[in-house]
Amino acid sequence: MSVSTAAADQSLCTPLPVLGRDVTVPLVTGGEVTYAALDYAASAPALQRVWDDVAAYAPYYGSVHRGAGYLSQLSTDLFENARRTVAEFLGCRAGDQVVFTRSTTDSLNLLARAIPAGCQVFVFETEHHASLLPWQHADVTYLDAPRTPGQAVQTLERALADRGPYGPALICVTGASNVTGELWPVRELAAAAHAHGARIVLDAAQLAPHHPVSVTDLDVDWIAFSGHKLYAPFGSGVLAGRADWLQAAEPYLAGGGASRRVTRREDGGVAVEWHETAARHEAGSPNVIGAYAIAAACKALTEAGWDSLVAREQHLIAKVRAGLAEVPEVRVLSLFGADAPRVGVLSFVVDGWNSSHFAAALSAEYGIGVRDGLFCAHPLVRTLLGTDPQTQGECGAPEAAPGEKSLNAIRVSFGAGTPDEHVDRFVNAVRELVRDGAKWQYRTEEGRCVPAV
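Residues numbered from 1 in each chain as written. Predicted model: local features only at pLDDT ≥ 70, side-chain atom pairs only at ≥ 80, totals over all residues. Heavy atoms only, no water.

This part covers the overall build of the chain. Regarding its fold elements, the chain presents 14 helices and 19 strands. What you see for the chain is a C-alpha radius of gyration of 23 Å, in line with the 22 Å of a compact globule of 453 residues. With the principal axes as the frame, the chain shows a C-alpha extent of 80 × 55 × 50 Å. Relative to its 453 residues, the chain shows a buried fraction of 53%. Pairs at least 24 residues apart make up 70% of the contacts formed inside the chain by residues separated by at least 6 positions. By element, 52% of the accessible surface of the chain is carried by carbon and sulfur atoms, the whole surface being about 19300 Å². Treating the 36 positive side-chain charges of the chain as one cloud and the 50 negative ones as another, the clouds have centres 3 Å apart. (Helix = DSSP H or I, 4+ residues; strand = E, 2+ residues; numbered from the N terminus. Rg over C-alpha atoms; globule rule 2.2 N^0.38 Å. Buried < 20%, exposed > 50% of the residue type's maximum accessible area, 1.4 Å probe, protein only. Contact = heavy atoms within 4.5 Å. Areas by Shrake-Rupley, 256 points an atom, 1.4 Å probe, with all protein chains shown as cover. Lys, Arg positive; Asp, Glu negative; His and termini not counted. Charge placed at Lys NZ, Arg CZ, Asp CG, Glu CD.)

Below is the structure:
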């Protein structure tokens, strides 16, 4: 390593402490090893600080918005303060609403229920199913996968220019691909949408954990993301943005909390006056611990400093890409090309290997957790693999025995809690498996490749 490279490495921040960083797992070849969690794109490990904050609050947990007691009032304040923290984290505008949901999927389904009648929706085929599928009951146009960021903008502009009678329109787009990690030209897509009188919602599930995300700076109308990808457990998500469509729509769920006033009508029925605040779409007892965990993660990432976090992640990305580039049998999947900016998510295939077999060997023989399959982004992965779009596949690995061709890929993903050692072990493991083959025998069991016992 050169002096300049060593100095640059020393300037990088250390990994943020996360739960599970010292967990050991058994190897089929004998012994144990510290687990290398490299599946952040599915669920990132909880930050230790988030866990500590939640543990400190847990004894004071109480009902939200409904109780006169001290713990209820404390929990209500904490829940609403979490909303304000998230609004600040996302750079929300005055008048924007922050609605707590269960996940990105839940957030986008909520918005799909709230779009005005006759709204036209435009979605690239490259989206995760969470943002590809909720619009089934709308007038939806699916756009082909672009091969450059500029082509993405041009494709959207043409589609908007050619759309039918002028009326409400919505574009749903990812900020960073959950398959390739590539960054999308969100600001340019937002400008194109607004120039044609349309609105845009940003699926930030893979972007928010890796980069600062601002409603104002990106000029998007809504942002959706999940707590479990932002180092926050307990099943919570966020939909944040413009209030008008949300206020005009029927509540996502009907029940207590969403209703401001309920009375009996003279005809014997029930009349309901719904809230116009975020509570309109938060019926039932809210997930206060999940909301608090998201807010704690927002604070922790902000205080750690995005410049340092991004610089360190780019350092890890460079390591992975350089290591995989040294193995000719490995093909990294990409829409926009090798030099496209990306977050810590890369998918690849290995010549001569079933992807499920390869991932199973990484886990069983090296203690490395990655993901294999179609990553709930079937059209995109099929496009990247160059396969027949009608070919069957699943979110997990399809039924294919070790050594057989499979319609899936391998994904490695990492973030603020990933130490260099995990990335180094992964690169070395890929090199050894390709060179020497697996040390163990594997079989297919219920669609998964597992060690034979």
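Where helix H10 (residues 288-304) contacts helix H11 (residues 306-325), the axes come no closer than 5 Å and their chain directions differ by 85°. Relative to H11, H10 is oriented roughly perpendicular. Facing H10, whose interface residues are Leu301, Thr302 and Ala304, H11 presents Trp306, Ser308 and Leu309. For the contact of H10 with H11, the residue count by class is four nonpolar, two polar and no charged. (Axes fitted to C-alpha atoms, helices over the stretch in contact; angles between N-to-C directions. Parallel < 35°, antiparallel > 145°, perpendicular 65-115°, else oblique. Nonpolar A, V, L, I, M, F, W, Y, C, P; charged D, E, K, R; others polar.)

For the pair helix H3 (residues 70-89) and H10, the least separation of the axes is 9 Å and the interaxial angle reads 40°. Here H3 is positioned oblique relative to H10, judged by the angle of their axes. Between H3 and H10 lies a crossing of left-handed hand. On the side of H3, the interface is formed by Ser75, Leu78, Phe79, Ala82, Thr85, Val86 and Phe89, while H10 contributes Val288, Ala291, Tyr292, Ile294, Ala295, Cys298, Lys299 and Thr302. (Left-handed = near helix turned anticlockwise from the far one by under 90°.)

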